[in-house]
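What follows is the residue order along each chain.
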Amino acid sequence: MRSSWQYSNIIQQLTTINPYKSHICCCLYRQKVEFNYSICAFLFCRNTTKIQPAGSQLARVLSILHFFNLIGSPKGPTQKMNLFQSITSALDNTLASDPTAVIFGEDVAFGGVFRCTVGLRDKYGKDRVFNTPLCEQGIVGFGIGVAVAGATAIAEIQFADYIFPAFDQIVNEAAKYRYRSGNLFDCGNLTIRAPWGCVGHGALYHSQSPEAFFAHCPGLKIVIPRGPIQAKGLLLSCIADKNPCIFFEPKILYRAAVEQVPEEPYTIPLSQAEILQEGSDVTLVSWGTQIHVLKEVASMAQEKLGVSCEVIDLQTILPWDIETVCKSVVKTGRLLISHEAPVTGGFAAEISSTVQEECFLNLEAPISRVCGYDTPFPHIFEPFYTPDKWKCFEAIKKMINY
Amino acid sequence: MAAVSSMSKMYGLCFHAVRQTAGLKASRLLQRRGFRVTVVQLQQPFDSSLEKPQFPGASAEFVDQLEFIQPNVISGIPVYRVMDRQGNIINPSQDPQLSKETVLNFYQKMTLLNTMDRILYESQRQGRISFYMTNYGEEGTHIGSAAALDPNDLVFGQYREAGVLMYRGFPLDHFMAQCYANADDLGKGRQMPVHYGSKDLNFVTISSPLATQIPQAAGAAYAVKRENINRAVICYFGEGAASEGDAHAGFNFSATLECPLIFFCRNNGYAISTPTNEQYRGDGIAARGPGYGMLSIRVDGNDVFAVYNATKEARRRAVAENQPFLIEAMTYRIGHHSTSDDSSAYRSVDEVNYWDKQDHPISRLRHYMTARGWWSEDDERSWRKQSRKTVMEAFERAERRLKPNPELLFTDVYQEMTPSLNKQRESLWRHVQQYKEHYPLDLYEK
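Computed from a prediction, not measured in an experiment: that's the story for all the values here.

Engineer: Please give an account of the overall build of chain A that cites residues and values.
Structural biologist: When helices and strands are tallied, chain A shows 15 helices and 18 strands. Scored against the burial criterion, the 402 residues of chain A give a buried share of 63%. Within chain A, counting contacts between residues at least 6 apart in sequence, those at least 24 apart form 80% of the total.

Right under this line is the structure:
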């Protein structure tokens, strides 16, 4: 499906057939593309802040396209944005194009404690960007109701650690609305955003990664971006998606890196993992902040061990892209999965189990999980707790020598 | 270059479509009413020159006497009623002056609900359906409130509001189909009996968790307010559910966010077995309204006209003023909580009998009708016979019907079918083909 032949074929069609039809081709291929990317203008190097002119490198573009979900930049200007600014930009686009859309949560009116909603109240009005009382179950319940009534609801939970009062509303209500009503009612217009993951000093209650709790719940989509470009594209996909989505934002990355993010709206398909780096010996799977650790580990493994790693950003935790991960493991024979959340019952366990079922005869070594320990997220011990590059590096060494 | 220009054409086309939908939505919003602050502003603006408390959270006068506020300072909220127990109008100014036709419709819906309850309750006892919950004694709250609403008003129910749905015209066949989980069930056989829902009748499908509908109703009311289409939301719940955190969330959100919403609490005395004196210490649910800055009233839930008047006025003002109203309808759950409950373990037969024989919403309305010569013994007999026949016919039709296709086990989890679910579905079918004799395939549609 993702061969360069397909891409050249699509490009050929773009140049020859009518625009509407070629749009459909794109959609068929991309499943959920609502934006058309200008392939010839620019190619995004997704892990850097640079944009490379690609007109002269079309052959190279085509050869590496299948590593990337984005074919190129959407037509239109880009701007330097960090992750929280790209979130703001996505919300801005949504409020501009969808008059039913409302954004609410604790402290969102003045811009949010992480500044993701800065300026939006003034631009779109206090009936569209507003504070709620301090009550997570209320925020999510309210959001479900907004969505059931047909409007677009974007709810903010101030920290993923505080999402648990809303667990019932998310798991028993949002996730089951469509199913239990026989598709009479749904809350697909609901997106819940929450800052997520370690931040260096967050301790027990400002550091958690609770995706696995929700991954056990059919009906939800769970999405975690690794940087500004993905954050905007994936968030816009979540908002457009007709299922309730939880969008976890790696809070340590809010101000970490700046990328050239398109100002216009664009989407990145959900449930599609992205291969960030091709390799032949070990598959490394992660999401959010941890993907940056794994990228570094991949370089270390290449340098110090001569081991070639394939790095996959899962991006959507539920429903996850089994195909991309399994194809990679069939090729490499080894899999390392890493996340900050405790190892027992973490989402790595699910991936590991599925890969074991699908790729048993391809495995050269036991699947390795490098994750948080089965403790609460500790304060001053964070450097020992996190699945850092040295722990991952050691795991790769063991797998290779198994 | 050709590629670029054709891309930009596509781009324009897509944008055009986006703009068109946005335009449509925008035109709906054009007549949006202004957002007024209608609730009394309890918190004064900051003014340091005043010799008054300046705390941002509250302002009143300072006092120099130590005194705790008595919890019963707002106790004894009176119970509004229109009719006495014999069906006489107490204060003519409160008579809703409903036509004979309307009142007969009230009565017929209340008694039809009662008949349906008896038949479905019995059918559960005979093992023909898995579960049931009767509405005995609470018919007045259902019909009185439903009649006061606009059919477009969105209903978030708990699970004991079948009368609301019946008043809106939900056919007996649909009630039965849901309880039998047969192929005609609008909910596709996925939920336990009495979890009704109807998109056409603006009745959001019931879920079992208590009180979850309360903050949802607030959200829906907020969205409805922004649409400005003279539409309100009503949210039903029991006095037990009002103890859930979600109830607090819904009350507080709807008050602060100024939602056109009617909270309708059916205070029927029991949450399964837990009596109200173990459920709360204050003066019922209505007493909580002032704490949230919300207008509240307590009504006699067995007086269908009182319920009607209160709901009608709350509905009118909720929409006109964008604020929530709390109605606490005092009533009595004459039946057991559900078919899984035996209430004789926790309450006396005498108590139940009092409500059943002496203060029943149906008999009160019948007294009213009889006094006006609108209803005779003969009418009663023939209506009872007719309604029983209608219910039995629907019941038999539902029982004969096959169950829904097992394919529906996998659909509607997501809007689209996911690859994993597809795989699981195929695996189920392979398995069922192999072990056919162990699965009741002949009871299901193919």
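Engineer: So what's going on with the packing of helix H6 (residues 136-148) of chain A against helix H6 (residues 213-227) of chain B? Which residues, and what values?
Structural biologist: At a closest axis distance of 6 Å, the pairing of H6 of chain A and H6 of chain B adopts a crossing angle of 50°. As the angle between them shows, H6 of chain A and H6 of chain B are arranged oblique. Two packed elements cross with a definite hand, and for H6 of chain A against H6 of chain B that hand is right-handed. From H6 of chain A, Gln137, Gly138, Gly141, Phe142, Ile144, Gly145 and Val146 of chain A reach across to H6 of chain B, where they touch Pro215, Gln216, Ala218, Gly219, Ala220, Tyr222 and Ala223 of chain B. Here the residues of the contact of H6 of chain A with H6 of chain B are counted per class, giving eight nonpolar, six polar and no charged.

Engineer: Outline the environment of Val329 of chain A, supporting the account with residue identities and numerical values.
Structural biologist: Examined against the element boundaries, Val329 of chain A turns out to sit in helix H12 (residues 322-332). Along the sequence, Val329 of chain A and Ser280 of chain A sit 49 residues apart, while their C-alpha atoms lie 9.2 Å from each other.

Engineer: Just give me the short version of the sheet that holds strand S8 (residues 325-330) of chain B, but keep the residues and values in it.
Structural biologist: Residues and elements named next belong to chain B. What the six strands build is an open sheet, ordered S2-S1-S3-S4-S8-S7; its pairing is parallel. Among the strands making up the open sheet, the edge pair consists of strand S2 (203-204) and strand S7 (295-300). Bridge count between strand S1 (residues 154-156) and strand S3 (residues 233-238): three bridges; the pairing is parallel. The residue of S3 that forms the bridge with Leu154 is Val233. Here helix H3 (residues 139-148) sits on the sheet in contact with S3, strand S4 (261-267) and S8, set at roughly 165° to S4.

Engineer: Could you give an account of unusual backbone geometry, naming the residues involved and the relevant values?
Structural biologist: Across the junction of Leu318 of chain A and Pro319 of chain A, the peptide omega takes the value -10°, indicating a cis bond. Non-glycine residue Arg115 of chain A carries a positive phi angle of around 70°. Position of Arg115 of chain A among the secondary structure elements: in the loop between strand S6 (102-105) and helix H5 (120-124). Positive phi, close to 50°, is recorded for Asn230 of chain B, a residue that is not glycine. Secondary-structure assignment places Asn230 of chain B in the loop between H6 and S3.

Engineer: Give me a nonpolar patch on the surface: which residues, what numbers.
Structural biologist: Residue and element names in this part refer to chain A. A cluster of nonpolar side chains, contributed by Ile380, Phe381 and Phe384, occupies part of the molecular surface with about 390 Å² of accessible area. Position of Phe381 among the secondary structure elements: in the loop between strand S18 (368-372) and helix H14 (382-385). For Phe381, a relative accessible area of 51% translates into the label exposed.

Engineer: Residue-level account of helix H11 (residues 290-305) of chain A, with values.
Structural biologist: Residues and elements named next belong to chain A. Taking 1.5 Å as the rise per residue, H11 with 16 residues should run 22 Å; its terminal C-alpha atoms sit 21 Å apart, in good agreement. Within H11, the full set of buried residues consists of Gln290, Ile291, Val293, Leu294, Val297, Ala298, Met300 and Ala301. Against the buried residues of H11 lie strand S13 (274-277), strand S14 (282-286), strand S15 (309-313), strand S17 (335-342) and helix H15 (389-400).

Engineer: With reference to specific residues and values, describe the sheet that holds S18 of chain A.
Structural biologist: Residue and element names in this part refer to chain A. In space, the five strands of this open sheet follow the order S13-S15-S14-S17-S18, with mixed pairing throughout. At either end of the open sheet lies a strand with only one pairing partner, and these are S13 and S18. With direction set aside, neighbouring strand axes in the sheet form an average angle of 25°. Pairing geometry for S17 and S18, over five bridges, is parallel.

Engineer: Explain the nonpolar core residue by residue, including any values.
Structural biologist: Membership of the largest hydrophobic core comes to 94 residues, with the highest contact counts inside it found for Phe142, Phe248, Trp287, Leu314 and Ile351 of chain A together with Phe156 and Phe237 of chain B. Among the elements that line this core, the one with the most residues is H6 of chain B, at eight residues. Aside from chain neighbours lying at most four places away, what touches Phe237 of chain B is Gln158, Glu161, Gln213, Ile214, Ala242, Phe251, Phe263, Phe264, Cys265, Arg266, Ile285 and Leu326 of chain B. Judged by nonpolar contacts, the second largest core, of 74 residues, contains Leu149, Leu172, Ile262 and Ala314 of chain B.

Engineer: Describe the environment of Thr411 of chain B, listing the residues and the values that go with them.
Structural biologist: Within the secondary structure layout, Thr411 of chain B lies in the loop between helix H12 (377-400) and helix H13 (419-434). For Thr411 of chain B and Lys188 of chain B, which are 223 residues apart along the polypeptide, the C-alpha to C-alpha distance reads 9.8 Å. If we skip the residues at most four places from it in the chain, Thr411 of chain B touches Tyr179 of chain A together with Arg190 of chain B. For Thr411 of chain B, the side chain forms a polar contact with the side chain of Arg190 of chain B, separated by 2.8 Å.

Engineer: Explain the confidence of the model for chain B residue by residue, including any values.
Structural biologist: Per-residue confidence for chain B gives a mean pLDDT of 90, with 89% of residues at or over 70. Note that residues 1-40 of chain B has pLDDT below 50 and, in this model, 61 contacts with residues that lie over four places away or in other chains.

Engineer: I'd like to hear about the packing of aromatic side chains, residue by residue, with values.
Structural biologist: All told, the structure shown has 37 aromatic pairs over all chains when counted by the stated rule. Look at Phe114 of chain A and Phe159 of chain A: their rings are 5.4 Å apart centre to centre, the planes differ by 70°, and that puts the pair in the edge-to-face class. Here Phe114 of chain A, found in the loop between S6 and H5, pairs with Phe159 of chain A, found in the loop between strand S8 (153-156) and helix H7 (167-173); they are 45 residues apart in sequence, far enough to count as distant. By relative accessible area, which is 13% here, Phe159 of chain A ends up buried. Measuring from centroid to centroid gives 5.9 Å for Phe142 of chain A and Phe253 of chain B, while their planes differ by 45°, and the two rings are tilted. One end of the pair, Phe142 of chain A, is in helix H6; the other, Phe253 of chain B, is in helix H7 (residues 245-256), on a second chain. Both residues of the pair, Phe142 of chain A and Phe253 of chain B, count as buried. Taken together through their ring pairs, the aromatic side chains of Phe104, Phe130 and Phe142 of chain A together with Tyr222 and Phe253 of chain B make up a single cluster. Looking at Arg115 of chain A, its charged tip hangs above the ring of Phe110 of chain A, at a distance of 4.9 Å from the centre.

What counts, and where the lines are drawn
- Residues numbered from 1 in each chain as written.
- Chains lettered and ligands numbered in written order.
- Predicted model: local features only at pLDDT ≥ 70, side-chain atom pairs only at ≥ 80, totals over all residues.
- Heavy atoms only, no water.
- Helix = DSSP H or I, 4+ residues; strand = E, 2+ residues; numbered from the N terminus.
- Buried < 20%, exposed > 50% of the residue type's maximum accessible area, 1.4 Å probe, protein only.
- Contact = heavy atoms within 4.5 Å.
- Axes fitted to C-alpha atoms, helices over the stretch in contact; angles between N-to-C directions.
- Parallel < 35°, antiparallel > 145°, perpendicular 65-115°, else oblique.
- Left-handed = near helix turned anticlockwise from the far one by under 90°.
- Nonpolar A, V, L, I, M, F, W, Y, C, P; charged D, E, K, R; others polar.
- Pairing = 2+ DSSP bridges.
- Patch = residues over 30% accessible without salt bridge, like charges linked within 9 Å, V, L, I, M, F, W, Y side chains within 5 Å.
- Areas by Shrake-Rupley, 256 points an atom, 1.4 Å probe, with all protein chains shown as cover.
- Salt bridge = Lys/Arg side-chain N within 4 Å of Asp/Glu carboxyl O.
- Expected span 1.5 Å × (residues − 1).
- Core = buried A, V, L, I, M, F, W, Y, C linked by side-chain atoms within 4.5 Å.
- Polar contact = N/O pair within 3.5 Å; in protein donor to acceptor, adjacent residues only side chain to side chain.
- pLDDT = per-residue confidence, 0-100.
- Phe/Tyr/Trp six-rings, centres within 6.5 Å; stacked < 30°, edge-to-face > 60°.
- Lys NZ or Arg CZ within 6 Å of the ring centre and 35° of its normal.

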